[in-house]
Amino acid sequence: MIILINGLQYTGYKKFEWGVVGETACADSWGRALKTGEPSLSLPCYAERRLWRRADEEMLMALSPGHLAKAITGMKALSNNGLRYPIAPYGIQSDVRAGMAFPTARNKFETN
């Protein structure tokens, strides 16, 4: 979800603020998106988890087709800059350049 949000923010950066209502998450996120015209993020509610088997790690994003196109364009630009999904964990023992490189150029930066 963070890659999608960063894609939305890539051009014309805007701070997003969302809340949690605890229940009726899909109705809340869709309603907020329709009312404001802005993307809306929420956590799945009990009914979505129980009836539609949404997992704990799943989230909901309600957005317009225009926002989706903007997010896709932004995500492509982020990918060209080296930020792709999945985001690899790095520590002091590894060279971050290996994960930020294009997959075809990755061997150039790998170290033993």
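Residues numbered from 1 in each chain as written. Predicted model: local features only at pLDDT ≥ 70, side-chain atom pairs only at ≥ 80, totals over all residues. Heavy atoms only, no water.

**Observations regarding the side chain of serine 42**
Using the following cut-off: In DSSP terms, a helix is any run of H or I states spanning at least four residues, a strand is any run of E spanning at least two, and both are numbered starting from the N terminus. Accessibility here uses a 1.4 Å probe with only protein chains present; expressed as a share of the type maximum, an area under 20% marks a residue as buried, one over 50% as exposed, and anything in between as partly exposed. Under the rule applied, a polar contact is a pair of N or O atoms within 3.5 Å (in protein, one hydrogen donor and one hydrogen acceptor; residues adjacent in sequence only if both atoms are side-chain atoms). By definition, residues are in contact when any of their heavy atoms lie within 4.5 Å.
Mapped onto the elements of the fold, serine 42 is located in strand E1 (residues 40-42). For serine 42, a relative accessible area of 5% translates into the label buried. Within the structure, the side chain of serine 42 is placed 3.4 Å from the side chain of serine 29, a separation counted as a polar contact. Aside from chain neighbours lying at most four places away, what touches serine 42 is Ala25, Ser29, Met59 and Leu60.

**Focus: helix H4 (residues 65-80)**
Note the threshold: Multiplying 1.5 Å by the residue count of a helix minus one yields the expected span of that helix. Arc definition: directions from the helix axis to the C-beta atoms.
Helix length check: H4 (16 residues) gives 23 Å between terminal C-alpha atoms against 22 Å at 1.5 Å per residue, within 8%. Of the residues making up H4, those classed as buried are His67, Ala71, Gly74, Ala77 and Leu78. End-on view of H4: buried residues confined to an arc of 125 degrees, all on one side of the axis. Projecting away from the buried face of H4 at angles above 90 degrees are the exposed residues Pro65, Thr73, Lys76 and Asn80.

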